[in-house]
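# Structural characterization, general
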Amino acid sequence: DLTLCYGIYSYVRKVADVQYDCEDVESCRMYSTLIFSSRHAVEGFLKALIQKNMDVRILMDKQIWCIGRKTEKALIQKGLWCDQVFTDYQTMFEDVTDEQQVCYIKGQGVQSTLPSLSCYQIREISFDLPDVRWDALCVTCPQSMRILVQKGISLQIPLFCFSHKSLQEAQKLGFTNI
């Protein structure tokens, strides 16, 4: 491991699990464009279709948009191709011309001004942080960062963010060494 060559010892800790639970998947019929926010949104939405005995052919006349290449890959693995792929929410929002014709498929608790459908939630796993001095922190999503802040992680710790959303959340939470 490259980090060990430089004397960097890492502690990897999963702090949350994804729970799929879609609100009202039938409501997607009334929109002309569906925008998937993440690979978890793809998984939650398609699981909900199956649970409601709905066929994916209901998507035939829809534009399929997504945010990020990983989301696009998740859609392709399920046999759905994207009409547009955006790098982030802000860029996508610039292309929305009729807000009432789009449905933003997202995680529970994610804020959006667009009509939306929540298909999953991030649930904290019960854990205690080890009582050690942290040299740095790496986070993969905004939800895990919020969980760690609730557990008492210092806002002064050097922080590495793996996504644009995580960076925005770190700034919002008040991390000083991003």
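Residues numbered from 1 in each chain as written. Predicted model: local features only at pLDDT ≥ 70, side-chain atom pairs only at ≥ 80, totals over all residues. Heavy atoms only, no water.

## Focus on the packing of aromatic side chains
- All chains considered together, the criterion is met by three aromatic pairs.
- For the ring pair Phe 36 and Phe 45, a centre distance of 5.4 Å and an interplane angle of 80° mean the geometry is edge-to-face.
- The class of Phe 36 is buried, set by a relative accessible area of 0%.
- Residue classification places Phe 45 among the buried positions, given a relative accessible area of 0%. (Phe/Tyr/Trp six-rings, centres within 6.5 Å; stacked < 30°, edge-to-face > 60°. Buried < 20%, exposed > 50% of the residue type's maximum accessible area, 1.4 Å probe, protein only.)

## A word on the pattern of salt bridges
- Taken as a whole and judged by the stated rule, the model has nine salt bridges.
- Its salt-bridge partner being Lys 14, residue Asp 17 comes within 2.6 Å of it at the nearest N-O pair.
- For Glu 43, the salt bridge identified is with Lys 78, shortest N-O distance 3.3 Å. Here Glu 43 is found in helix H2 (residues 39-51), whereas its partner Lys 78 is found in the loop between helix H3 (69-77) and strand S4 (84-86), with 35 residues between them in sequence. (Salt bridge = Lys/Arg side-chain N within 4 Å of Asp/Glu carboxyl O. Helix = DSSP H or I, 4+ residues; strand = E, 2+ residues; numbered from the N terminus.)

## Some remarks on helix H5 (residues 142-150)
- Of all the positions in H5, only Pro 142, Gln 143, Ser 144, Met 145, Ile 147 and Leu 148 are classed as buried.
- Against the buried residues of H5 lie strand S1 (16-20), strand S6 (116-124), strand S7 (137-139), strand S8 (159-161) and helix H6 (164-173).
- In the segment just after H5, Gly 152 is the residue with positive phi, at about 100°. (Contact = heavy atoms within 4.5 Å.)

## Some words on the pairing of strand S3 (residues 63-67)
- In terms of burial, S3 is a largely internal element, four of the five residues being buried.
- Two elements, strand S2 (residues 33-36) and S3, share four bridges in a ladder whose sense is parallel. Looking at S3, one finds that Phe 36 is bridged to Cys 66.
- Between the parallel pair S2 and S3, the chain is carried across by H2, and the sense of this crossover is right-handed.
- In this fold, S3 hands off to H3, which returns the chain to S4; that crossover is right-handed. (Pairing = 2+ DSSP bridges. Right-handed = clockwise from strand over helix to strand, strands pointing away.)

## So, the nonpolar core
- Core analysis: the biggest nonpolar cluster contains 26 residues, and Val 25, Leu 34, Phe 36, Phe 45, Leu 49, Leu 75 and Ile 105 have the highest contact counts within it.
- Secondary-structure elements contributing two or more residues to this core are S2, H2, S3, H3, strand S5 (102-107) and S6.
- Per-element accounting of this core gives the leading share, six residues, to H2.
- Contacts of Leu 75, omitting those with residues within four sequence positions, involve Phe 36, Val 42, Ile 64, Cys 66, Leu 80 and Cys 82. (Core = buried A, V, L, I, M, F, W, Y, C linked by side-chain atoms within 4.5 Å.)

## What about the environment of Gln 143?
- Relative to the elements of secondary structure, Gln 143 occurs in helix H5.
- Along the sequence, Gln 143 and Val 110 sit 33 residues apart, while their C-alpha atoms lie 9.7 Å from each other.
- Leave out the neighbours within four places in its chain, and Gln 143 touches Val 110 and Ile 122.

## Some words on the packing of H5 against H6
- Two elements in contact, H5 and H6, have axes separated by 8 Å at closest approach and are oriented at 30°. When the axes of H5 and H6 are compared, the pair comes out roughly parallel. The two elements H5 and H6 cross, and the hand of that crossing is right-handed. Of H6, the residues touching H5 (which contributes Pro 142, Met 145, Arg 146 and Val 149) are Lys 165, Ser 166, Glu 169, Ala 170 and Leu 173.
- For the contact of H5 with H6, a count of residues per class yields five nonpolar, one polar and three charged. (Axes fitted to C-alpha atoms, helices over the stretch in contact; angles between N-to-C directions. Parallel < 35°, antiparallel > 145°, perpendicular 65-115°, else oblique. Left-handed = near helix turned anticlockwise from the far one by under 90°. Nonpolar A, V, L, I, M, F, W, Y, C, P; charged D, E, K, R; others polar.)

Spatial relationships are all this shows, so hold off on functional conclusions.
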